[in-house]
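Structure assessment
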Protein chains: 2
Amino acid sequence: MLNGAERARLTVVLVGARNPSNIGAAARAMHDFGFSDLRVVNEYGASFEAAQLEAKSAVAASTVMENARLFASVAEAVADCHVVVGTTAIGEREMRQVVEPLRVTAPKMTAALQGGDGRVALLFGSEKTGLTNEQLSHCNLLTTIPMYQPECARHLSMNLGQSVAVCLYELAREGFEGARALPVKHEAAATGEDRERLTQLLLDAMHAVGYTRRYPQNASETLVRQLAQQLGGSHREAMTWMGFLRQVLWRERGEGK
Amino acid sequence: MLNGAERARLTVVLVGARNPSNIGAAARAMHDFGFSDLRVVNEYGASFEAAQLEAKSAVAASTVMENARLFASVAEAVADCHVVVGTTAIGEREMRQVVEPLRVTAPKMTAALQGGDGRVALLFGSEKTGLTNEQLSHCNLLTTIPMYQPECARHLSMNLGQSVAVCLYELAREGFEGARALPVKHEAAATGEDRERLTQLLLDAMHAVGYTRRYPQNASETLVRQLAQQLGGSHREAMTWMGFLRQVLWRERGEGK
């Protein structure tokens, strides 16, 4: 699990992203998973500036976008990074470097982030081409998100914002320090006594409505006890069932009619 | 690892999604991870129909959107499903059901998909509210994507397309049957002989350019051998270095001048 200082040492680099909405979507995913350092490599700053404008209206992305920086080259964007990880869908090209699945690369990134003061960069390519071989040559590690590849598909690519979300999820998968505890069952479990009272009430009710007479083979005490086991994991639920069965009995005995 | 028949038994249900682009983004994520059964629950069909229109221009999403179906209620959408999993960011409300992190729920879903003919539904709520308590009451399991929650944040929510991508990634994380093998180093590793020749060439070159005279403390054979260990993990890379060093020597000896 990464702590705040460790998460702060992760840098997301979007190389050549064209669509401002995709830059904003990446910023939002970073915000969701507690990362903050976004760098955009783009010859022209237009899409970066448009993303900054758009983000002003999107609360989740705005703090990340406000602090995002524009670089003219990959080399400049990763100059202060000790580990540089490139993402790739591989595609049709011949790869010159080893590519690992994300679940294998993520623990290495976590170890690097936890190992010291080093900065770790995670690079994503443009929507159209992904990272080129030249861009990948700046990377120490290459990683890929396992995608389903039907026979006919030549070109695989994931949406940029979704790729960023999936990669950051893998880094954050174990959760966060100080995260609110998830809801668990607080209710007291039903006791053996609850279940036995439920069994007897169910037998009585089956008898009262004539079920026992019509289907005696289904209404033995043993079978009904097994049925009662399935009702009400909690004491409260068992009480609800008992209340209902008592009501059935009450009606049958003509007291509510 | 889920096979094709098992993936076909997963149903993604978008409940009350308003933005056609988000429905399309969910369809695209499904396509990327090899899932196909999309159902949309919406009182009004407008956003569903708009998503179907939009998808015609998006290759990746189109097959999923073409076969998507519209339902009027959650109950109808999950009527044929044996396991129903709800996603929730929890938020401020009091939860009445147990919520597990995604990495805990996903193996249960995988087991259910692999266990027989049962269909497993995975529900996502609307962009604005997520799944309501009423909608969650249709679910056997509740799951959440761990998100970073700063002290000040009251309202957490992830982008719908990104949530779908992250959940399906977790199901597909181990990869796909028949997936193309990832690139590994095919090249022959450098041998001890390569490294020793490299060491000697590097020593010669350091001597030839005068480095040994200026920095004798850095140029002992032992230190230079350690340097040479770092050059060229593969035979081909070692050969490249040797070629370069021979060229340095050739120039220094005046043969290329």
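Residues numbered from 1 in each chain as written. Chains lettered and ligands numbered in written order. Predicted model: local features only at pLDDT ≥ 70, side-chain atom pairs only at ≥ 80, totals over all residues.

1. A look at the overall build of chain A
Of regular secondary structure, chain A possesses 12 helices and 7 strands. Computed over the C-alpha atoms, the radius of gyration of chain A is 30 Å, more than 25% above the 18 Å expected from 2.2 N^0.38 for a compact globule of 257 residues. Each of the three principal axes of chain A carries a C-alpha extent, and together these read 85 × 40 × 35 Å. For chain A, the proportion of its 257 residues judged to be buried stands at 40%. (Helix = DSSP H or I, 4+ residues; strand = E, 2+ residues; numbered from the N terminus. Rg over C-alpha atoms; globule rule 2.2 N^0.38 Å. Buried ≥ 20, exposed ≤ 12 C-beta atoms within 10 Å, placed from the backbone.)

2. Considering the domain arrangement of chain A
Partitioning chain A into structural domains gives domain 1 (4–172) and domain 2 (192–252). Computed over C-alpha atoms only, the centres of domain 1 of chain A and domain 2 of chain A are separated by 59 Å. (Domains from an automatic or database assignment.)

3. Some words on the sheet that holds strand E2 (residues 37–41) of chain A
Residue and element names in this part refer to chain A. Pairing is parallel across the open sheet formed by 7 strands, whose spatial order is E3-E2-E1-E6-E4-E7-E5. Every other strand in the sheet has two partners, leaving strand E3 (69–71) and strand E5 (99–101) as the edge strands with one partner each. For this sheet, the mean inter-axis angle between neighbouring strands, taken without regard to orientation, is 30°. Bridge count for strand E4 (residues 83–87) against strand E7 (residues 141–144) is 3 bridges, and the pairing is parallel. Within the sheet, the bridge partner assigned to Val 85 lies in E7 and is Leu 141. (Pairing = 2+ DSSP bridges. Axes fitted to C-alpha atoms, helices over the stretch in contact; angles between N-to-C directions.)

4. Let's talk about helix H4 (residues 59–66) of chain B
Residue and element names in this part refer to chain B. Among the residues making up H4, those that are buried are Ala 60, Ala 61, Val 64 and Met 65. All buried residues of H4 fall inside an arc of 105° around its axis, so they share one side. With respect to the buried face of H4, the exposed residues turned more than 90 degrees away are Val 59 and Glu 66. Against the buried residues of H4 lie helix H2 (20–32), strand E2 (37–41) and helix H3 (46–55). (Arc of directions from axis to C-beta. Contact = placed C-beta atoms within 7 Å.)

5. Quick notes on the interface of chain B and chain A
With 35 residues of chain B at the contact, the number on the chain A side is 35 residues. Listed by contribution, the elements that provide at least two residues to the side of chain B that touches chain A are H2, strand E5 (99–101) and helix H8 (160–172) of chain B. Among the elements that take part in the side of chain B that touches chain A, H8 of chain B stands out by supplying 6 residues, more than any other. Split into classes, the residues belonging to the side of chain B that touches chain A amount to 21 nonpolar, 7 polar and 7 charged. (Nonpolar A, V, L, I, M, F, W, Y, C, P; charged D, E, K, R; others polar.)

6. Quick notes on the nonpolar core
If you look at the biggest cluster of nonpolar residues, it comprises 124 residues, and the most contacted ones within it are Ala 26 and Leu 168 of chain A together with Ala 26 and Leu 168 of chain B. Those residues in contact with Leu 168 of chain A that lie beyond four places of it in its chain are Ala 29, Met 30, Phe 33 and Phe 35 of chain A. (Core = buried A, V, L, I, M, F, W, Y, C linked by C-beta atoms within 7 Å.)

7. So, the sheet that holds strand E4 (residues 83–87) of chain B
Residue and element names in this part refer to chain B. Pairing in this open sheet of 7 strands is parallel, and the strands run E3-E2-E1-E6-E4-E7-E5 from one edge to the other. The open sheet terminates on both sides in strands that have one partner only, identified here as strand E3 (69–71) and E5. Ignoring which end each strand starts from, the neighbouring axes of this sheet average 30° apart. Where strand E1 (residues 10–15) lies against strand E6 (residues 120–124), 5 bridges are found, and the strand directions are parallel. Counted as the bridge partner of Leu 10 is Val 120 from E6.

8. Points about the packing of H3 of chain B against H4 of chain B
Residues and elements named next belong to chain B. Relative to each other, H3 and H4 sit at 135°, their axes nearing to 8 Å. Considering their axes alone, H3 and H4 lie oblique with respect to each other. The handedness of the crossing between H3 and H4 is left-handed. For the pair formed by H3 and H4, the contact residues are Ala 51, Gln 52 and Ala 55 on the first element and Ala 61, Ser 62 and Met 65 on the second. Residue composition of the contact of H3 with H4, by class: 4 nonpolar, 2 polar and no charged. (Parallel < 35°, antiparallel > 145°, perpendicular 65-115°, else oblique. Left-handed = near helix turned anticlockwise from the far one by under 90°.)

9. A word on the environment of Ala 72 of chain B
All names here are of chain B. By the element assignment, Ala 72 lies in the loop between E3 and helix H5 (74–77). For Ala 72, a count of 12 C-beta atoms within 10 Å translates into the label exposed. For the pair Ala 72 and Asn 42, spaced 30 residues apart in the sequence, the C-alpha separation amounts to 5.7 Å.

10. Observations concerning the environment of Ala 79 of chain A
All names here are of chain A. Position of Ala 79 relative to the elements: it lies in the loop between helix H5 (74–77) and E4. By the C-beta count within 10 Å, which is 11 here, Ala 79 ends up exposed. For the pair Ala 79 and Ala 121, spaced 42 residues apart in sequence, the C-alpha separation works out to 9.8 Å.

11. Quick word on helix H8 (residues 160–172) of chain A
For an α-helix, the turn length of 3.6 residues means that residues three or four places apart are oriented alike. Taking 1.5 Å of rise per residue, the 13 residues of H8 of chain A would be expected to cover 18 Å, and the 18 Å separating its terminal C-alpha atoms lies within 8% of that figure. With 13 of 13 residues buried, H8 of chain A is to be regarded as a mostly interior element. (Expected span 1.5 Å × (residues − 1).)

12. Brief notes about the relation of the copies chain B and chain A
For the pair chain B and chain A, the superposition axis carries a translation of 0.1 Å, the fit reaches an RMSD of 0.2 Å, and the rotation angle comes to 179°. Both copies are brought into coincidence by an operation consistent with a two-fold rotation axis. Counting the interface residues of chain B, we find that 100% of their copies in chain A are interface residues as well, pointing to one common contact surface. (Least-squares fit on C-alpha atoms with pLDDT ≥ 70 in both.)

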